[in-house]
Amino acid sequence: MIPPSFEYHAPGSLADAIGLLKQHGDEAKILSGGHSLVPLMKMRFAAPAHIVDINDIPGLDYLKEEGGHLRIGALVREADLEASAVIAAKFPLILDATKLIADPQVRNRATIAGNLAHGDPANDHPAVMLALDAELVIEGSGGERVVPITKFFVDTFETALASDEVLKEVRIPIPPAKSGGAYFKLERRVGDFAIVGVAAQVSLDGAGNIQSAGIGLTNVGPMPIKAEAAEASLAGKAPNDATLQQAGQLAADASKPVTDNRAPEDYKRAMVKELTIRALRRAVSRAEGGN
Amino acid sequence: MSTVNVTVTVNGVERSAEVEPRTLLVYFLRDHLRLTGTHIGCDTSNCGACTVMLDGKIIKSCTLFAVQANGKSVKTVEGLAENGKLHPIQEGFKEEHGLQCGFCTPGMMLSALELLQKNPHPSEDEIRWGISGNLCRCTGYQNIVKAIQYAADKMAKGEA
Amino acid sequence: MAETTSESLGGIGQSVKRKEDLRFIQGKGKYIEDFYLPNMVYGVFVRSIFAHAKINSINSDAALKVPGVVAVLTEKDLAGVNLAWMPTLAGDTQAVLAGEKVLFQSQEVAFVVAETQAAAVDGASLVEVDYEELPVVVDPFKAMEPGAPVLRTDKEGQKDNHIFTWEAGDKAKTEKAFQDAEVTVSQKTHYPRCHPAPLETCGCVVDHNAFTGRTDIFMTSQAPHAHRTIFALISPFKEHTTRIVAPDIGGGFGNKVPVYPGYVLSAVASLVLGRPCKWIETRSENIQSTGFARDYHSEIELAATKDGKITALRVKTTADHGAFDAQASPSKWPAGLFSICTGSYDIADAHVQVDAVYTNKAPGGVAYRCSFRVTEAVYIMERAVDLLAVKLNMDPVQLRKKNFIKPEQFPYKSTTGWEYDSGDYEKTMNVALEAVGYDQLRKEQAEKRSRGELMGIGISSFTEIVGAGPRKQFDILGLSMNDGAEIRVHPTGTVMARFGVKSQGQGHETTFAQILAEELGIPEADIIVEEGDTDTAPYGLGTYGSRSTPVAGAAAAIAARKIRDKAQKIAAHMLEVSEADIEWKDYKFQVKGVPGKAKTMAEVAFAAYTAIPDGMEAGLEAVTYYDPPNFTFPYGTYICVVDIDSKTGEYKIRKFVAVDDCGIVINPMIVEGQIHGGLTEGFAIATMQEIRFDEGGNILNGNFMDYMLPTAVDTPHWDLDRTVTPCPHHPIGAKGIGESANVGSPPAIVNAIVDALSHLGVTNIEMPVSPWKIWRILHEKGVA
């Protein structure tokens, strides 16, 4: 319950933060919402010698539409997403997922950037961002770079972030008209990490067929999974039961669950299929203007 | 062992202490300020017994370093009653038997406070979601829901 | 003057708001962690990472170099003061700190004492323990196989892992009944190991004063007097110089009944250092090392006639007690009251056998929100009745009604030896059936089945047995299970009452005041109730097994009546009539037939200190130690309605009706609160709470991230009702109610889920019922 000692830094700018990260290398950890890092430190599973607290860096808490993208700054909290009009209007998928992350206290602190940067396949936003084809703006001592979400997750708890880099912004393309998304999550109890989570985003064409689809899977493999074959199978198809069933099966085939405290592997795989079908069904319904 | 000076406005009063950077806010409140109404029920940031408000938003004080609260304001259970008058939420918990052992109660009431500030007329379902970060082992939550409804009604009447 | 009524007094039957709430809602409760004594040190354990291993060496050098670390205590230090081992409540021995070997993961290995909690944690992380792993025994059945590693090599004469065999009932007669039976059913089932996990963990602050020779022990104790006596029996601490104070307790549920090594080590540290020592366990430590509950593997069989009369019951149980037999059961009852498993039914013959075994798991077996092992008993019986109903193609309601003990059979002597005090089971069940709309639900279920939808209705019509003693048969380590009440009526007519039990949220400060208000005619607002301090409280065995109202509540009434007896003499003197002319009526002493001529208890109290009759001692006080003549037998019928998602196995409790009968209700508001809480814990046990181990004895879910407790969103809404069948032997007709709901609800939930699947041939599903278990069944049956 008592973390190991560390030296605390509260840089006033991103540049200072990056400077500290460069100086201390692997010894340093970024602290934002703290809900991944602090529990690990309390259990003494993590013992960084330096904590770089970015919470007081100004200008990182923006959430805005710009240039065809939704741009979410590093310090935007889950509760901000929950309360955002643009999220509610254009990203029901994000809203679904956010509401199911932990609990109100945690959502007041936890950030979307931290949820991604932790590289935890059990976190919800990775799958959501895979479904939405997000890009991540990363800044480090070598400057700024933009990494597609598909290249971000490297291994369990490992991302494309170098030790002197900060995930500065999440950039999500604004979906075209007639789009919808949904997140389905099975939990052992409310607020828990997912047994299985499925994020689905679809755009329909004028005829009501699926123009494009994005599907991300939570906690069914060592990394967050983008169900590409399932996505591809949907393109150009009418969103009928047979189409969704097939996509569900392909998503299940793409999953790599293991048996753990949450559930056995066979159940998880079956639930990837079922939740994919349900998420797609609701995404389509939302794209059609329903709920 | 290096320490830092932390100054936090707690329940409207500026309070300072020299603490290690690793000192969690909950220990700052309890060990240093002796505000023991904020409780510790787990070590994994799950139970919500340590819930306080930081700049008007509920947080788990076991998952925030005290140094992060430097210069900010914190509200704890000890600051709920004002001018010797119980807050309607406190009253609701007593009137509706919303507590038994009382251990979860301070955190639970602060979650209720944020909920009612955001949503003055919550449904039963919204109340249950609003307190989903606070575990209670005694009441089965049913009377806590009633307590918060009581407070909502009372606060609505106060506004009118 | 307004008429005095039970309502105006806040007497029995009134939903008086709780006296204890004012401090709790203002953050001014005082729990163990809120004690900060001057010059205090902190203790933190080093715990075993292995489930079974030899300890080759312990190196404390690095830990002792941490600034602030004062001492590192190991088994060798304790052996020096003869405290390396302590007796458990079950009469076994438990290592205070592991010596030669560790027997479960998270076992206490060393105790680091430091100036601050942080330094103690830092120190503990640096203690190096050299372990040599030994073969691990996790499965209690494998523990009993020939050749299994013997775990308790410390016990002389212990050649295997068997702890005890306990039997009840008539084996031969039962066997004969099964031979003659027209129909039999049987089922193996496991009541999972779970943990009470009160929101406050265990802890203490021990303050030994070398100058006065006195020791104050502030601790999370459900039984302060019993704990002090045990301390005095096992340690250098004497009873008269030791004071145990149980302050406000953040929930107990049986978890705060056993004596834990942390208490002993804090006492040793305080004694050695001459400074107060505080020990507060973390939540993970609480779940991993302190008293677990249940873990009964049972095979239950019923014999019956073709038309549904149950003729015999047979139960064979293997009980996993962990590394030390530290369960909390009365001495002569190693399996507690498990033989109550004939339940609410009139069954001619029964035989029950329990074999307890050692495994490499944490010790315990506490009565988690239930009377000793009653939850396990109720579960198997209520499951078995449903099995029989399916086999006979009978409605489970009809089958239960056919076999209920009838009202005219009370007091009912069961075949396993219990004398049920009172009940009208069918009446109570009918209230529940009506409330839930049973017939309509069965129609709905039939319709839904025809559409492939899954819905189930589960019933549990349980009987509890609570309120131990009687003292002749029931004791804990030889301490008879009776309880004291001490009442002082002050000259101005206010009252101080003290008890040997200890509330952990049950509201004793309010309900006991209500009993006294009713008995003394003094408003509850003028009565203060104190518990938990051995310096002031009368002796008692504490609060668990729903014994507070049956035992201490009775003591309150009896002591109050003693006071009334003396007061009546004083009143007669004041009213200048003979005592025989006085009657206690409308909460006053009145001259018979002269309504205006009366004295209130307050008036008498003043006289008791100022104007007593010649030859009478002054004062108005009473002490009683109540020895209950029998247990009380609260009961109820619970009906649960579930809807199951056939594709995911997720289920939702749509409706849950709980009709309880706990006799006379002292405070309906508090009783309802107890039932809500009990139902929620029963729900949690049935659906999510289980402590799991891998084959190496590693705990798979030893913290709140993975040991699941329900949130407000998960928890169903509870619909309550009640019937009132007064307890004939209790002074106010009350029965215990704190635990009925936890005992009665798990089978209702499991029965509902099995019922939803029964048309697929499903007869059992094991707790906790995770959706994946249902999905597996549906998948195998080709539904999902």
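Would you take a moment to explain the domain arrangement of chain B for this structure?
Many structure descriptions define interface size as the accessible area lost when the parts assemble. All names here are of chain B. Taken domain by domain, chain B comprises domain 1 (4-77) and domain 2 (88-159). Taken together, the contact pairs 18 residues of domain 1 with 14 residues of domain 2. Between domain 1 and domain 2, roughly 1,200 Å² of surface is buried when both sides are summed, and carbon and sulfur atoms account for 63% of that area. Area buried by domain 1 at its contact with domain 2 is led by His39, Ile58 and Val77, which between them contribute 38% of it.

What is the right way to read the packing of helix H11 (residues 374-392) of chain C against helix H12 (residues 396-403) of chain C from this model?
Angle between the axes and distance between the axes: these two values describe a pair of packed helices. Residues and elements named next belong to chain C. Running from N to C, H11 and H12 point in directions that differ by 115°, and their axes come no closer than 9 Å. On the basis of the axis angle, H11 is roughly perpendicular to H12. Here H11 and H12 pass one another in a crossing that is right-handed. Residues Glu382, Val385, Asp386, Leu388, Ala389 and Leu392 of H11 form the contact with H12, whose own contacting residues are Pro396, Leu399 and Arg400. Among the residues making up the contact of H11 with H12, the classes are represented as 6 nonpolar, no polar and 3 charged.

Would you mind going over helix H8 (residues 224-234) of chain C with me for this structure?
Since the α-helix packs 3.6 residues into each turn, any two residues three or four apart lie on the same face. In terms of burial, H8 of chain C is largely enclosed, as 9 of its 11 residues are buried. Turning to H8 of chain C, its buried residues are Pro224, His225, Ala226, His227, Arg228, Thr229, Ile230, Phe231 and Ile234 of chain C.

Would you mind showing me how to read the interface of chain C and chain A here?
In this assembly, 29 residues from chain C lie in contact with 20 residues from chain A. Buried surface at the junction of chain C and chain A, summed over both partners, amounts to about 2,000 Å²; 55% is from carbon and sulfur atoms. Of all residues in chain C, Met708, Trp772 and Trp775 of chain C bury the most surface against chain A, accounting for 23% of the area lost on that side. The interface formed by chain C and chain A includes 4 salt bridges. Asp706 of chain C is the partner of Arg188 of chain A in a salt bridge, and the nearest nitrogen-oxygen pair spans 2.8 Å. The interface formed by chain C and chain A contains 10 residue pairs in polar contact (both at pLDDT 80 or more). Ranked by residues supplied to the side of chain C that touches chain A, first place goes to helix H5 (residues 117-126) of chain C with 5 residues. Here the side of chain C that touches chain A is built from residues that sort into 13 nonpolar, 8 polar and 8 charged.

How should the interface of chain B and chain C be read in this particular structure?
Across the contact, 48 residues belong to chain B and 54 residues belong to chain C. Carbon and sulfur atoms make up 56% of the area that chain B and chain C hide from each other, which totals about 4,300 Å². Summed over the shared surface of chain B and chain C, the number is 3 salt bridges. Here Asp122 of chain C ties to Arg22 of chain B by a salt bridge, and the two come within 2.6 Å at their closest N and O atoms. Per element, the largest residue contribution to the side of chain B that touches chain C is 4 residues, and it comes from helix H2 (residues 88-95) of chain B.

What should I look at first to understand the confidence of the model for chain B in this one?
Fine structural detail should not be taken from predicted coordinates in areas where pLDDT scores are low. Of all residues in chain B, 98% have pLDDT values of 70 or greater, and the mean over the chain is 97. At the level of chain-chain contacts, confidence expressed as ipTM amounts to 0.98, with global pTM at 0.98.

Is there a simple way to think about the sheet that holds strand E4 (residues 63-66) of chain A in this case?
Strand-to-strand pairing in sheets goes through backbone hydrogen bonds, with the strands running parallel or antiparallel. Residue and element names in this part refer to chain A. An order of E4-E5-E10-E6-E7 is seen for the 5 strands of this open sheet, with the pairing classed as antiparallel. Edge strands, defined here as strands with exactly one partner in the open sheet, are E4 and strand E7 (143-148). Each strand axis lies, on average, 25° off the axis of its neighbour in the sheet, ignoring direction. The pairing of E4 with strand E5 (residues 69-73) spans 4 bridges and is classified as antiparallel. Opposite Glu66, over in E5, you have His69 as the bridge partner.

Would you mind going over the domain arrangement of chain A with me for this structure?
Taken as a whole, chain A is organised into domain 1 (7-49), domain 2 (63-173) and domain 3 (179-284). Relative to domain 3 of chain A, the C-alpha centre of domain 1 of chain A lies at a distance of 34 Å.

Before we go on, may I ask you to explain the side chain of Asp714 of chain C in this structure?
Residue placement: Asp714 of chain C occurs in the loop between helix H18 (668-687) and strand E33 (719-722). The buried charged residue Asp714 of chain C lacks any salt bridge, with Arg189 of chain A as its nearest oppositely charged partner at 5.3 Å. In this structure the side chain of Asp714 of chain C is engaged in a polar contact, spanning 3.1 Å, whose partner is the backbone nitrogen of Val190 of chain A. Within the structure, Asp714 of chain C has its side chain in polar contact with the side chain of Thr711 of chain C (distance 2.6 Å). Discounting chain neighbours no more than four positions away, the residues touching Asp714 of chain C are Arg189 and Val190 of chain A together with Phe683 and Met688 of chain C.

Looking at this structure, I do not really get the pattern of salt bridges. What am I missing?
Where charged atoms of side chains with opposite charge meet at close range, the side chains can pair. Residue and element names in this part refer to chain A. All told, the structure shown has 78 salt bridges over all chains when counted by the stated rule. As a salt-bridge pair, Arg262 and Asp192 come within 3.0 Å of each other at their nearest N and O atoms. Pair noted here: Arg262 is in the loop between helix H10 (241-254) and helix H11 (265-287) and Asp192 is in the loop between strand E11 (179-187) and strand E12 (194-204), with a separation of 70 residues, a long-range link. With respect to burial, Arg262 and Asp192 carry one shared label: buried.

Explanation requested: the nonpolar core in the structure shown.
Side chains of nonpolar character tend, in soluble globular proteins, to be buried together. Phe93 of chain B together with Phe338, Phe656, Phe704 and Ile753 of chain C are the most contacted members of the largest nonpolar core, which has 201 residues in total. When residues of this core are assigned to their parent elements, the largest contribution, 12 residues, is made by H11 of chain C. Sequence-distant contacts of Phe338 of chain C, defined by excluding residues within four places in its chain, comprise Trp166, Tyr296, Ser298, Val315, Thr317, Val352, Val354, Phe372, Arg373, Glu376, Ala377 and Ile380 of chain C. Among the nonpolar cores identified, the runner-up in size contains 57 residues, and Ile40 of chain B together with Val44, Val109 and Val121 of chain C belong to it.

Help me out: how do you make sense of the state of the cysteines in this one?
Throughout this description, disulfide means a covalent bond between two cysteine sulfur atoms. Going through the model one piece at a time under the given rule, you end up with 0 disulfides over all chains. Take Cys194 of chain C: it sits in no disulfide, and the sulfur closest to it among the cysteines is that of Cys370 of chain C, at 9.1 Å.

What exactly am I supposed to notice about the environment of Gly636 of chain C here?
Residues and elements named next belong to chain C. When you line up the elements, Gly636 lands in strand E31 (residues 635-644). For the pair Gly636 and His759, spaced 123 residues apart in sequence, the C-alpha separation works out to 27 Å. Filtering out sequence-adjacent residues up to four positions away, Gly636 remains in contact with Thr428, Ser460, Ser461, Phe462, Val659 and Asp660.

What exactly am I supposed to notice about the sheet that holds strand E21 (residues 454-463) of chain C here?
All names here are of chain C. Taken in spatial order, the 4 strands make up an open sheet running E21-E31-E32-E33, and their pairing is mixed. Every interior strand has two partners, whereas the edge strands, E21 and E33, have only one. Averaged over neighbouring strand pairs, the angle between their axes works out to 15° when direction is ignored. Note that E21 and E31 share 10 bridges and pair antiparallel. Directly across from Gly458, in E31, lies its bridge partner Cys640.

Mind showing me how you'd approach the pairing of strand E2 (residues 13-19) of chain B here?
Successive residues of a regular strand alternate their side chains across the two faces of the sheet. Residues and elements named next belong to chain B. Pairing of strand E1 (residues 4-10) with E2, which is carried by 7 bridges, proceeds in the antiparallel orientation. Among the inter-strand pairings, Asn5 is bridged to a residue of E2, identified as Glu18. Connecting the antiparallel pair E1 and E2 is a turn made up of 2 residues, with Asn11 showing a positive phi of about 50°.

I tried to follow unusual backbone geometry on my own but got confused; where do I start?
Negative phi characterises most residues that are not glycine, and trans characterises most peptide bonds. Here Phe410 of chain C and Pro411 of chain C are connected by a cis peptide whose omega angle stands at -5°. Take Pro411 of chain C: it is sitting in the loop between H12 and strand E19 (412-413). Put simply, Gly469 of chain C and Pro470 of chain C share a cis peptide bond, and its omega is 10°. Take Pro470 of chain C: it is sitting in the loop between E21 and strand E22 (475-476). Although it is not a glycine, His97 of chain B sits at a positive phi angle of roughly 55°. Position of His97 of chain B among the secondary structure elements: in the loop between H2 and helix H3 (105-118). In this model, Asn39 of chain C sits at a positive phi of 65°, which is unusual for a non-glycine residue. In this structure, Asn39 of chain C sits in the loop between helix H2 (21-24) and strand E1 (41-47).

Rules used in this analysis
- Residues numbered from 1 in each chain as written.
- Chains lettered and ligands numbered in written order.
- Predicted model: local features only at pLDDT ≥ 70, side-chain atom pairs only at ≥ 80, totals over all residues.
- Heavy atoms only, no water.
- Domains from an automatic or database assignment.
- Contact = heavy atoms within 4.5 Å.
- Buried area = accessible area lost by both parts, 1.4 Å probe.
- Axes fitted to C-alpha atoms, helices over the stretch in contact; angles between N-to-C directions.
- Helix = DSSP H or I, 4+ residues; strand = E, 2+ residues; numbered from the N terminus.
- Parallel < 35°, antiparallel > 145°, perpendicular 65-115°, else oblique.
- Left-handed = near helix turned anticlockwise from the far one by under 90°.
- Nonpolar A, V, L, I, M, F, W, Y, C, P; charged D, E, K, R; others polar.
- Buried < 20%, exposed > 50% of the residue type's maximum accessible area, 1.4 Å probe, protein only.
- Salt bridge = Lys/Arg side-chain N within 4 Å of Asp/Glu carboxyl O.
- Polar contact = N/O pair within 3.5 Å; in protein donor to acceptor, adjacent residues only side chain to side chain.
- pLDDT = per-residue confidence, 0-100.
- Pairing = 2+ DSSP bridges.
- Lys, Arg positive; Asp, Glu negative; His and termini not counted.
- Core = buried A, V, L, I, M, F, W, Y, C linked by side-chain atoms within 4.5 Å.
- Disulfide = S-S within 2.5 Å.

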